[in-house]
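Descriptive structure summary
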Amino acid sequence: EDQVTQSPEALRLQEGESSSLNCSYTVSGLRGLFWYRQDPGKGPEFLFTLYSAGEEKEKERLKATLTKKESFLHITAPKPEDSATYLCAVQSYNDMRFGAGTRLTVKP
Amino acid sequence: NAGVTQTPKFQVLKTGQSMTLQCAQDMNHEYMSWYRQDPGMGLRLIHYSVGAGITDQGEVPNGYNVSRSTTEDFPLRLLSAAPSQTSVYFCASSRGQRGGETQYFGPGTRLLVL
């Protein structure tokens, strides 16, 4: 069975303090790995899709990377507005599985 | 484009009542799905549809029904609500299902079953 595990569950950073969020996965036949951002009381907002090991994508202060077993979401010099829950999901041929998310808080 | 819309935003039900959660998308997406989100757990797939007239079960389908009469709409029906169905429900859509296509989510419906 496909599985997705995100760590840490929660992360508190000072503004400007860079860090990384981890998404470990086991899947039979990866079709795509997705990162979403979710603000309280709202639906997940798409950030990135990665398709194969070695792929990297960037958007503003965020950079997502992918290996055969895990993905990292690197946050460089975060700002308070980056505070949110970040969700990882993996898609295989017949399934889509989400991790429980990492709740990020960035203090000014 | 409005994207994916859901109604209602919030609903309170009594045990045993039935209701329909509405979902619509204006992106002409073939694939639509329903998820529930519970504290400490990832989004879990309830039902999905790969096109009008075609639906299938996801990970947690019990107690829910779906139908897809048009490309745009994908309602979720709770037949006899139970407290275990208290959750936040999200509808999502994408161009396809198996090629790594991005799913776009609606704002969610918060359901409380007493």
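Details of the structure are given in the entry above.
What comes next concerns the included structure.

**A look at the overall build of chain B**
What chain B contains, in helices and strands, is zero helices and 11 strands. Each of the three principal axes of chain B carries a C-alpha extent, and together these read 40 × 30 × 25 Å. Taking all 114 residues of chain B together, 51% fall into the buried category. Put simply, of all contacts in chain B between residues at least 6 apart along the chain, 54% involve residues at least 24 apart. Looking at chain B as shown, the accessible area adds up to about 5,100 Å², and 51% of this sits on carbon and sulfur atoms. When the 9 basic and 8 acidic side-chain charges of chain B are each reduced to a single mean position, those positions are 8 Å apart.

**What to know about the interface of chain B and chain A**
Many structure descriptions define interface size as the accessible area lost when the parts assemble. Each partner contributes residues to the interface: chain B has 19 residues there, and chain A has 20 residues. Of the roughly 1,600 Å² buried between chain B and chain A, counting both surfaces, carbon and sulfur atoms make up 48%. Put simply, chain B and chain A have one salt bridge between them. In this structure, B:E59 engages A:R97 in a salt bridge whose closest nitrogen and oxygen atoms are separated by 3.2 Å. In this assembly, chain B and chain A are joined by five residue pairs in polar contact (both at pLDDT 80 or more). When grouped by side-chain class, the residues that make up the side of chain B that touches chain A number six nonpolar, nine polar and four charged.

**Describing the sheet that holds strand β1 (residues 3-7) of chain A**
All names here are of chain A. In space, the five strands of this open sheet follow the order β1-β3-β8-β7-β6, with antiparallel pairing throughout. In this open sheet, the two edge strands, each paired with only one partner strand, are β1 and β6 (56-59). Adjacent strand axes in the sheet meet at a mean angle of 15 degrees when their direction is disregarded.

**Focus: the nonpolar core**
As a rule of thumb, nonpolar side chains are buried together in soluble globular proteins. All names here are of chain A. Core analysis: the largest hydrophobic core is formed by 22 residues, its most contacted members being L33, W35, L73 and Y86. Of all the elements in the fold, those that place two or more residues in this core are β2 (10-14), β3 (19-26), β4 (32-38), β5 (45-50), β7 (62-66), β8 (70-75), β9 (84-91) and β11 (102-107). When residues in this core are grouped by element, the largest group, four residues, is from β9. With near-sequence residues (within four places) excluded, L33 lies in contact with C23, Y25, F48, T49, L50, L66, S71, C88, A89 and V90.

The rules we used
- Within any chain, residue numbers begin from 1 and follow the written order of that chain's sequence.
- All chains are assigned letters beginning with A, and all ligands numbers beginning with 1, in the order in which they are written.
- In keeping with the model being predicted, local features are shown solely for residues with a pLDDT of at least 70 and side-chain atom pairs are shown and tallied solely at 80 or more, while totals for entire chains, interfaces and linings include all residues.
- The side-chain numbers reported here are obtained from all heavy atoms of the structure, hydrogens and water having been left aside.
- Numbering of helices and strands starts at the N terminus; helices are DSSP runs of H or I of at least 4 residues and strands are runs of E of at least 2.
- Only protein chains enter the accessibility calculation, which uses a 1.4 Å probe; a residue is then buried when its area is under 20% of its type maximum, exposed when over 50%, and partly exposed in between.
- Any two residues whose heavy atoms approach within 4.5 Å at even a single point are treated as in contact.
- Methods summary: accessible areas were calculated by the Shrake-Rupley approach with a probe of 1.4 Å, and residue burial reflects only the protein chains presented.
- In this tally Asp and Glu are treated as negative and Lys and Arg as positive; neither His nor the chain ends contributes.
- By convention, charge coordinates are those of NZ in Lys, CZ in Arg, CG in Asp, or CD in Glu.
- Accessible area that two parts lose when put together, evaluated with a 1.4 Å probe and summed over both, is termed the buried area.
- Salt bridges are identified by distance alone: a Lys or Arg side-chain nitrogen within 4 Å of an Asp or Glu carboxyl oxygen.
- A 3.5 Å cut-off defines polar contacts: any pair of N or O atoms within that distance qualifies, except that in protein one atom must be a possible hydrogen donor and the other a possible acceptor, and neighbouring residues in sequence count only when both atoms are side-chain atoms.
- Only Asp, Glu, Lys and Arg are considered charged, only Ala, Val, Leu, Ile, Met, Phe, Trp, Tyr, Cys and Pro nonpolar, and every remaining residue, Gly among them, polar.
- Strands qualify as paired when DSSP identifies two bridges or more between them.
- Geometry is summarised by axes, namely lines fitted to C-alpha atoms with helices restricted to the contacting stretch, and by angles between N-to-C directions that run from 0 to 180 degrees.
- Among buried residues, those of type Ala, Val, Leu, Ile, Met, Phe, Trp, Tyr and Cys that are joined through side-chain atoms within 4.5 Å constitute a nonpolar core.

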